[in-house]
Amino acid sequence: MKNLSVVLLFAFVAFGGAFLGPDIPGVFRAARIVPNVIPVAPTRQLEVIYGTFNRVSLGEELSPAAVRNSPNVVKCILCGIRLTGFYTLVLIDPDAPRPDNPFEANFLHHMVVNVPGHRFGFGLHMGETVAEYVGTQQSQSTAFHRYIFLLYQQPTGRRLFNEPRINATETALRRNFALDTFVSKYGLQLVAGNFFQANPAA
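Residues numbered from 1 in each chain as written. Predicted model: local features only at pLDDT ≥ 70, side-chain atom pairs only at ≥ 80, totals over all residues. Heavy atoms only, no water.

## Here we look at unusual backbone geometry
Rule in force here: Secondary structure elements are taken from DSSP: a helix is a run of H or I of four residues or more, a strand is a run of E of two residues or more, and numbering for both begins at the N terminus.
The peptide bond linking Val34 to Pro35 adopts the cis configuration, its omega dihedral lying at 5°. On the secondary structure map, Pro35 appears in the loop between helix H2 (24-30) and strand E1 (47-50). The linkage connecting Ala105 with the following residue, Asn106, adopts the cis geometry, with an omega of -10°. Turning to its location among the elements, Asn106 is positioned in the loop between strand E4 (86-93) and strand E5 (107-116). Although it is not a glycine, Leu58 sits at a positive phi angle of roughly 45°. Secondary-structure assignment places Leu58 in the loop between strand E2 (54-55) and strand E3 (73-75). One non-glycine residue, Asn176, lies in positive phi territory at about 55°. Take Asn176: it is sitting in the loop between strand E7 (145-153) and helix H3 (179-186).

As structure tokens, then:
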């Protein structure tokens, strides 16, 4: 999966360019996130930063150590976040436990719902945590995994999410998360996304 970086670089240069910025749908297609994981690509890039300097940047590599704790920054300045709206953030790994046999896909690493738009830039603790954050999981495979952040708008506003609450030590409920079913169940609308690669065995 590591050679994906070359494909993504080509997508950036060919479709985005240095002045126009990356073609986000093109990058998501090049990474086989569309249509394998989600049917339609986001058109806006979610800004995600771990610690001080580890920025998630459309498929670039981050070390497991860098993403051990939840990100310090999650925001989207140009996403048209509605101050009166509510949002859901999910982080999934479609390559678990190994890309050549992802029988645990999608592995749910994090989910926060009912994040109020007027507090979105202040941190995800303003929402309700459904699945506590966990970093990359130990694996014997040395292949790189894709870790995908997706931000959805809740069109009906704040609502009850009838989903089990998953703590950081729970793994069974994280396996085989049916993203498409979840999105359809709550009528969510994709707003933005981003992703990085990491080698869980590193």
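## Re the packing of aromatic side chains
Where we set the bar: Under the pairing criterion, centres of Phe, Tyr and Trp rings, with the six-membered ring standing for Trp, must be within 6.5 Å; the plane angle then separates stacked pairs below 30 degrees from edge-to-face pairs above 60, leaving the rest tilted. The cut-offs for exposure are 20% and 50% of the maximum accessible area for each residue type, with area from a 1.4 Å probe on protein chains only; residues under the lower value are buried, those over the upper are exposed, and the others partly exposed.
In the structure shown here, the tally under the stated rule is 10 aromatic pairs. Taking 6.1 Å as the distance between ring centres and 80° as the angle between the ring planes, the aromatic pair formed by Tyr50 and Phe196 counts as edge-to-face. In this pair, Tyr50 sits in strand E1 while Phe196 sits in strand E8 (residues 189-198), placing the two residues 146 residues apart along the sequence. Of the two residues, Tyr50 and Phe196, both sit in the buried class. Relative to Phe182, the ring of Phe177 has its centre 5.5 Å away and its plane inclined at 55°; by these criteria the two rings are tilted. This pair shows no difference in class: Phe177 is buried, exactly as Phe182 is.

## Brief notes about the sheet that holds strand E6 (residues 128-131)
Quick note on the threshold: Pairing between strands is defined by DSSP: at least two bridges between the two strands are required. Axis geometry follows a simple rule: fit a line to the C-alpha atoms, using only the stretch in contact for helices, then measure angles between N-to-C directions, giving values from 0 to 180 degrees.
Spatial ordering of the open sheet is given by E6-E5-E4-E7-E8, a layout of 5 strands whose pairing is antiparallel. A strand with exactly one partner marks an edge of an open sheet, and here the two such strands are E6 and E8. Strand-to-strand, the axes of this sheet are offset by a mean angle of 15°, without reference to chain direction.

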